[in-house]
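Architecture at a glance
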Amino acid sequence: MPLLRRTGFYLAAAWAAITANFLIPRLMPGDPAEAILRQFQKTSGGEQLPPGAIDNIRALFGDPKTNLFQQYLDYLGNLAHLDFGVSVSRFPVPVSDLIATGLPWTLMLAGVATLLAFVIGVVLGIVTGWRPGRLTDSVLTPLAMFTTSVPYFWVALLAVWVLAFHLHWFPLSGGYSPDEAPGSFGYLLSVLHYGILPVATIVFASAGSWLMGMRNMTVTTISEDYVQLGRAKGLSTWRVMTRYGARNAILPSFTSFALALGHVVGGSLLTEMVFSYPGIGFLLFDAIDKRDYPLMQAVFLLITLATLFANFVADSVYSLLDPRTREVS
């Protein structure tokens, strides 16, 4: 029953997000398609859209002459077929094609960076929290506080200026070398080379928060009776630390990690802007800059649904890891 309640709640939340995504553009006064066209011409210096673009916009955002309920049914039908309309700024490219192109880059960049930051932060947090006040705690904790307080965009720009511009160790921008054929071994190496610096900056800026959270939870956990019992039984320090201490201290961090994975789909906007990385974040930035409403609408919906799904997974798995939560679910 708790699982069914959670499923029903998140399905209702997803329906609300989808419905809001449908209604917001249609709350614009007058004809939404005409308003979007005027805004596009204003921001593009009077550039005219190709023939048929206005019809595609009206098909996506609805014609005022068409019944709103029928528009809603058509909208749901299009979503079921992953049809988000046609991009205004890149007409006649379908929005779904743009998302399908950018999403793998974002998952690779932000996903790998989030996983590395989580693992590094949690492991170091356990080490520092298990022996608070020792040398590792005295060195790593202030360092983590420093990395979490430094603005990320400053770290990224400094890394580009020093490591890419002056030392030429890494490329300045992009996600791959244009000189390599896609799918070749050289292309894969270039993807790895182009991704090292963005991933490293994300890990540097975010691992500290995982370390601090895990360190504080470990300090609290080691004073619990079950940890003291494990020590009194003569168990090894490693077993007490991992099976008794870290296993319970990691639960809040695991929940935060699941939520962080939900935000991965949105892309690391600042990262992709600084490094011109071809992911969802840079795609969203470009859509906002060019007032590409169909693309913006699709990306916002994708981010919302991914976050809801991550919350659902976190709630479900947390109840499996911690039996105490099942009693109040």
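Sequence positions are assigned chain by chain, starting from 1 and proceeding in written order. The model is predicted, so local features are restricted to residues of pLDDT at least 70 and side-chain atom pairs to those at 80 or more, both for listing and for counting; the totals for chains, interfaces and linings are taken over all residues. As a rule here, side-chain values cover all heavy atoms of the structure and leave hydrogens and water aside.

1. Brief notes about the packing of helix α5 (residues 95–130) against helix α6 (residues 135–149)
For helices, the axis comes from a line fit to the C-alpha atoms of the stretch in contact; other axes are also lines fit to C-alpha atoms, and the angle between any two N-to-C directions lies between 0 and 180 degrees. The way it works is that DSSP assigns letters per residue, a run of H or I at least four long becomes a helix, a run of E at least two long becomes a strand, and they are numbered from the N terminus. Between α5 and α6, the shortest axis-to-axis distance is 8 Å and the interhelical angle comes to 135°. Looking at the two axes, α5 sits oblique to α6. When you trace α5 past α6, the crossing you get is left-handed. Where α5 approaches α6, its residues L124, V127 and T128 are matched on the opposing element by T136, D137, L140 and T141. Classification convention: Asp, Glu, Lys, Arg as charged; Ala, Val, Leu, Ile, Met, Phe, Trp, Tyr, Cys, Pro as nonpolar; all other residues, Gly among them, as polar. Residues that form the contact of α5 with α6 fall into these classes: 3 nonpolar, 3 polar and 1 charged. Any angle that is under 35 degrees is reported as roughly parallel, and any over 145 degrees as roughly antiparallel; angles of 65 to 115 degrees are reported as roughly perpendicular and all others as oblique. The hand of a helix crossing depends on one turn: near helix anticlockwise from the far one by less than a right angle means left-handed, and clockwise means right-handed. Contacts are assigned to residue pairs that have any heavy atoms within 4.5 Å of one another.

2. Thoughts on the nonpolar core
Ranked by internal contacts, the top residues of the largest apolar core, which has 32 residues, are W130, Y152, L197, V203 and F275. When contributions to this core are tallied by element, the ones reaching two or more residues are α5, α7 (152–166), α8 (185–221) and α10 (237–264). Top contributing element to this core by residue count: α8, with 10 residues. Non-local contacts of F275, meaning those with residues more than four positions away in its chain, are made with Y152, A156, V160, L172, S173, G174, L197, P198 and T201. Definition used in this section: a nonpolar core is a set of buried Ala, Val, Leu, Ile, Met, Phe, Trp, Tyr and Cys residues joined via side-chain atoms within 4.5 Å. Remark: exposure states derive from per-residue accessible area (1.4 Å probe, protein chains only) relative to the maximum for the residue type, with buried under 20%, exposed over 50%, and partly exposed in between.

3. A short note on α7
Expected span of a helix: the number of residues minus one, times 1.5 Å. With 15 residues, α7 extends 20 Å from end C-alpha to end C-alpha; this agrees with the ideal 21 Å at 1.5 Å per step. Along α7, the residues classified as buried are Y152, V155, A156, A159, V160 and A164. Looking at the residues trailing α7, positive phi occurs at H168, about 60°.

4. Observations concerning the packing of aromatic side chains
Between the rings of Phe, Tyr and Trp (Trp by its six-membered ring), a pair exists once the centres lie within 6.5 Å; its type follows the angle of the planes, with under 30 degrees stacked, over 60 edge-to-face, and the other angles tilted. All chains considered together, the criterion is met by 7 aromatic pairs. When the centroid spacing of 5.7 Å and the interplanar angle of 75° are considered together, the rings of Y10 and F312 count as edge-to-face. Here the residue Y10 occupies a position in helix α1 (residues 2–26), and F312 occupies one in helix α13 (residues 293–321), the gap between them amounting to 302 residues. Given a relative accessible area of 11%, Y10 falls into the buried group. Taken together, the ring pairs connect W105, Y176, Y187 and Y277 into an aromatic cluster.

5. Focus: the environment of V95
Here V95 lies in helix α5. A relative accessible area of 0% places V95 in the buried class. Along the primary structure V95 and L82 are separated by 13 residues, whereas in three dimensions their C-alpha atoms are 9.4 Å apart. If near-sequence neighbours (up to four positions away) are discounted, V95 is found in contact with F84, G85, V86, S87, P294, L295 and A298.

6. Things to note about the packing of α5 against α8
In the contact formed by α5 and α8, the axes pass within 5 Å of each other and the chain directions differ by 35°. As for the relative orientation of α5 and α8, their crossing is right-handed in sense. Of the residues contributing to the contact of α5 with α8, the split by class is 24 nonpolar, 7 polar and 1 charged.

7. A word on the confidence of the model for the chain
The share of residues in the chain with pLDDT of 70 or more is 78%, and the mean pLDDT across the chain is 77. How sure the predictor is of each residue is captured by pLDDT, a score from 0 to 100. Of all the helices and strands in the chain, helix α2 (residues 32–43) carries the lowest mean pLDDT, 64, while α5 carries the highest, 85.

8. Thoughts on a nonpolar patch on the surface
Residues F153, W154, L157, L158, W161, F165, L172, L269, L270, M273 and F285 make up a contiguous nonpolar surface patch of about 1000 Å² in total accessible area. Looking at which element gives the most residues to the nonpolar patch, the answer is α7, with 6 residues. In this fold, F153 is placed in helix α7. For patches, a residue must show more than 30% relative accessible area and have no salt bridge; joins then use 9 Å for like charges and 5 Å for nonpolar side chains, namely Val, Leu, Ile, Met, Phe, Trp and Tyr. Values of accessible area rely on a 1.4 Å probe in the Shrake-Rupley scheme; residue burial ignores everything except the protein chains shown. What makes a salt bridge here is a side-chain nitrogen of Lys or Arg within 4 Å of a carboxyl oxygen of Asp or Glu, nothing more.

9. A short note on the environment of V88
Structurally, the position occupied by V88 is in the loop between α4 (68–80) and α5. Judged by its relative accessible area of 4%, V88 is buried. Sequence spacing of V88 and D292 is 204 residues, and the spatial spacing of their C-alpha atoms is 5.3 Å.

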